[in-house]
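Coordinate analysis (summary)
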Amino acid sequence: MPATTLDPRTALVLIDLQKGIVALPTVHPAAEIVARGARLAAAFRERGLPVVLVNVTGGAPGRTESPAGGHTPPADWAELVDEVDRQPGDITVTKQQWGAFHGTALDLELRRRGVTQIVFAGIATSIGVESSARAAHEHGYHVTVATDAVTDLDEAAHRNSLEKIFPRLGETGSTDAILKLLG
């Protein structure tokens, strides 16, 4: 269902808009995703609503059929991109796995602020964004995904998340539609 409303205490969560991730080849240009995320962040801050900036510095243990790259990333790989304009009041979360909830204080930080809804944006749609949106839904938050502020490394995975998964977790809408709901 298209985004219909935003709760009075809605937070924005930007997933993995960091130097190493935005440098990867994505379905939609990462610069456009970053720009839309930055627009959302500025609007949320202007209204005194929480902005959460998430980065990833590791990976969950365990065997997989498709292991991670196995290379040593550059020193600045996990640094948030300048365009998100990190502010002192922003909540920062560093995760060690795909989702932003497991093993972090994200839920505690949001509940302390009375947050009942989360708008998600970032990279990658089918990994960090979807994992975080699933967990948010399971934690009882209303979930909204900014569909033009997410991208992936894989077109089919991106489309599956947008068309099949996100509508089952909450609402979706464009950056402009979400900004309009913010008022």
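Before reading on, note that the structure itself is shown above.
Now for a look at the structure at hand. (Residues numbered from 1 in each chain as written. Predicted model: local features only at pLDDT ≥ 70, side-chain atom pairs only at ≥ 80, totals over all residues. Heavy atoms only, no water.)

**Let's talk about the overall build of the protein chain**
What counts is decided by this rule: Secondary structure is summarised from DSSP: a helix means a run of H or I of at least four residues, a strand means a run of E of at least two, and numbering begins at the N terminus for each. In this treatment the radius of gyration is a C-alpha quantity, and the globule benchmark scales as 2.2 Å times the residue count to the 0.38 power. Should any heavy atoms of two residues lie within 4.5 Å, those residues are counted as being in contact.
When helices and strands are tallied, the protein chain shows 6 helices and 6 strands. Listing each helix as α and each strand as β along the protein chain from the N terminus yields β-α-α-β-β-α-β-α-β-α-β-α. Taken against the 2.2 N^0.38 rule, which gives 16 Å for 183 residues, the C-alpha radius of gyration of the protein chain at 15 Å falls within 12% of a compact globule. Taking the principal axes of its C-alpha atoms as reference, the protein chain extends roughly 45 × 35 × 30 Å. Of the contacts made within the protein chain by residues no fewer than 6 positions apart, 83% connect residues no fewer than 24 positions apart.

**So, unusual backbone geometry**
How we decide: Throughout, exposure labels follow a simple rule: accessible area from a 1.4 Å probe, protein chains only, divided by the maximum for the residue type, with under 20% read as buried, over 50% as exposed, and the rest as partly exposed.
For the bond running from I123 to A124, omega is 5 degrees, close enough to zero to count as cis. Residues other than glycine seldom take positive phi values, yet D16 does so here, at roughly 55 degrees. Structurally, D16 is set in the loop between strand 1 (10-15) and helix 1 (19-22). For D16, a relative accessible area of 5% corresponds to the buried category. Located in the positive-phi region is D85, a residue other than glycine, with phi close to 55 degrees.

**Some points on the sheet that holds strand 1**
Short version of the rule: Any two strands are treated as partners once DSSP identifies two or more bridges connecting them. Between N-to-C directions, angles span 0 to 180 degrees; the directions come from axes that are lines fitted to C-alpha atoms, helices contributing only their stretch in contact.
The strand order 3-2-1-4-5-6 describes an open sheet built from 6 strands, whose pairing is parallel. Each of the sheet's edge strands pairs with one partner strand only, and the pair in question is strand 3 (91-95) and strand 6 (171-173). On average, adjacent strands in this sheet sit at an angle of 25 degrees to one another, irrespective of strand direction. Inspection of the sheet shows strand 2 (residues 51-56) paired to strand 3 by 5 bridges, in the parallel sense. When the sheet's bridge partners are listed, V54 is paired in strand 3 with V93.

**Examining the nonpolar core**
One broad rule of soluble globular proteins: the nonpolar side chains tend to lie buried together. Put simply, the rule reads: The nonpolar core is taken to be a set of buried Ala, Val, Leu, Ile, Met, Phe, Trp, Tyr and Cys residues, with the residues joined through side-chain atoms within 4.5 Å.
Judged by nonpolar contacts, the single largest core of 28 residues is most densely connected at L14, L17, L40 and F44. Secondary-structure elements contributing two or more residues to this core are strand 1, helix 2 (30-46), strand 2, strand 4 (117-123), strand 5 (142-151) and helix 6 (175-182). In terms of residue count, the dominant contributor to this core is helix 2 (7 residues). Aside from chain neighbours lying at most four places away, what touches L17 is V22, I33, V34, V54, L80, V81, V84, G122 and I123.

**Looking at the pattern of salt bridges**
Put simply, the rule reads: The term salt bridge refers to a pairing of a side-chain nitrogen on Lys or Arg with a carboxyl oxygen on Asp or Glu at a separation within 4 Å.
Under the definition given, this model contains 12 salt bridges. As a salt-bridge pair, D107 and R111 come within 2.9 Å of each other at their nearest N and O atoms. Taken as a pair, D107 and R111 lie in helix 3 (residues 106-112) at a separation of 4 residues, close to a single helical turn. Judged by relative accessible area, R111 falls into the partly exposed class, the value being 44%. With a shortest N-O distance of 2.9 Å, R134 and E130 are connected by a salt bridge. Placement of both R134 and E130 in helix 4 (residues 125-138) is noted, with a separation of 4 residues, approximately one turn of the helix. On the basis of relative accessible area, R134 is assigned to the partly exposed category, the value being 36%. Residues joined in a network through salt bridges with shared partners are K19, D76 and E79.

**Remarks on the packing of aromatic side chains**
What counts here: Each Phe, Tyr or Trp ring, with Trp reduced to its six-membered ring, pairs with another whose centre is within 6.5 Å; inter-plane angles below 30 degrees give stacked pairs, above 60 give edge-to-face pairs, and intermediate values give tilted ones.
Under the definition given, this model contains 1 aromatic pair. Centroid distance F101 to Y141: 6.1 Å. Interplanar angle 40 degrees. Geometry classified as tilted. Linking F101 in the loop between strand 3 and helix 3 with Y141 in the loop between helix 4 and strand 5, this pair joins segments that are 40 residues apart in sequence. We classify Y141 as buried; its relative accessible area is 4%.

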